[in-house]
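Analysis of the macromolecular model
Okay, here's what each chain looks like letter by letter:
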Amino acid sequence: MTMRSKDQLAVIAFLDANKTATPLQLERNLGWSNKHTHAILGRLVRIGIIKNIGKARHPEYRLLQRWQAKVKPPKPPKASPDAKPVANVCMVKTQQEPPSVATVCRQNWQGYQIHKIFGSARS
């Protein structure tokens, strides 16, 4: 699973360095609100990366074994649109056919409604 949140990665890095952490420690060290901290921790528990080893009223979290397998590094950013493709220099443009009625209807819902009316009139 790709980690999309920098906050989730921050919690994982903190737990990797300190082994265990309470929500209050995370709030103070990372500068988040109580609600935000618990939302991030809840998401990581549901994913199966961390586990509450404390009690319900006094939670303490640690990383599970083999948590690295569940975390993929983020994808590199896409190239800017100004960059020219180097590998596809000899691309030949073909003449495109007009899109089919079904394709237009999928893209334009009002067009589908009109197609339904005219399509039923032909029958």
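As the structure is a computational prediction, the values presented were derived from the model and not from experiment. (Residues numbered from 1 in each chain as written. Predicted model: local features only at pLDDT ≥ 70, side-chain atom pairs only at ≥ 80, totals over all residues. Heavy atoms only, no water.)

It is worth spelling out the overall build of the chain at this point. Counting secondary structure elements, the chain contains 5 helices and 3 strands. Counting from the amino terminus, the chain carries its helices and strands in the arrangement α-β-α-α-β-β-α-α. Counting all 123 residues of the chain, 21% fall into the buried class. (Helix = DSSP H or I, 4+ residues; strand = E, 2+ residues; numbered from the N terminus. Buried < 20%, exposed > 50% of the residue type's maximum accessible area, 1.4 Å probe, protein only.)

This paragraph deals with the sheet that holds strand 1 (residues 20–21). Taken in spatial order, the 3 strands make up an open sheet running 1-3-2, and their pairing is antiparallel. The open sheet has two edge strands, strand 1 and strand 2 (50–52), and neither has a second partner. Alignment of strand 2 against strand 3 (residues 61–63), held across 3 bridges, turns out to be antiparallel. Paired with Ile50 across the strands is Leu63, a residue of strand 3. Strand contacts of helix 1 (residues 6–18): strand 1, strand 2 and strand 3, with the helix running at about 85 degrees to strand 3, the strand carrying the most contacts. (Pairing = 2+ DSSP bridges. Contact = heavy atoms within 4.5 Å. Axes fitted to C-alpha atoms, helices over the stretch in contact; angles between N-to-C directions.)

Before going further, it helps to spend a moment on the side chain of Thr37. Structurally, Thr37 is set in helix 3 (residues 34–47). A residue is classified by how much of its surface remains accessible, and Thr37, at 1% relative accessible area, is buried. Excluding residues within four positions of it along the chain, Thr37 makes contact with Pro23, Leu26, Glu27 and Trp32.

Relative to the helices and strands, Leu26 is located in helix 2 (residues 23–30). We classify Leu26 as buried; its relative accessible area is 0%. Note: C-alpha distance between Leu26 and Leu41 (15 residues apart in sequence) is 9.8 Å. Every residue in contact with Leu26, bar those within four places of it in the chain, is listed here: Val11, Phe14, Ala21, Gly31, Thr37 and Leu41.

Take unusual backbone geometry next. The phi angle at Lys19 is positive, at roughly 70 degrees, despite the residue not being glycine. Relative to the elements of secondary structure, Lys19 occurs in the loop between helix 1 and strand 1.

A separate point is the packing of helix 1 against helix 3. Running from amino to carboxyl end, helix 1 crosses helix 3 at an angle of 80 degrees, the nearest separation of the two axes being 10 Å. Regarding the angle of helix 1 to helix 3, the classification is roughly perpendicular. Between helix 1 and helix 3, the residues in contact are Asp7, Gln8, Val11 and Ile12 and His36, Ile40, Leu41, Arg43 and Leu44, respectively. Looking at the contact of helix 1 with helix 3 residue by residue, the classes come out as 5 nonpolar, 2 polar and 2 charged. (Parallel < 35°, antiparallel > 145°, perpendicular 65-115°, else oblique. Nonpolar A, V, L, I, M, F, W, Y, C, P; charged D, E, K, R; others polar.)

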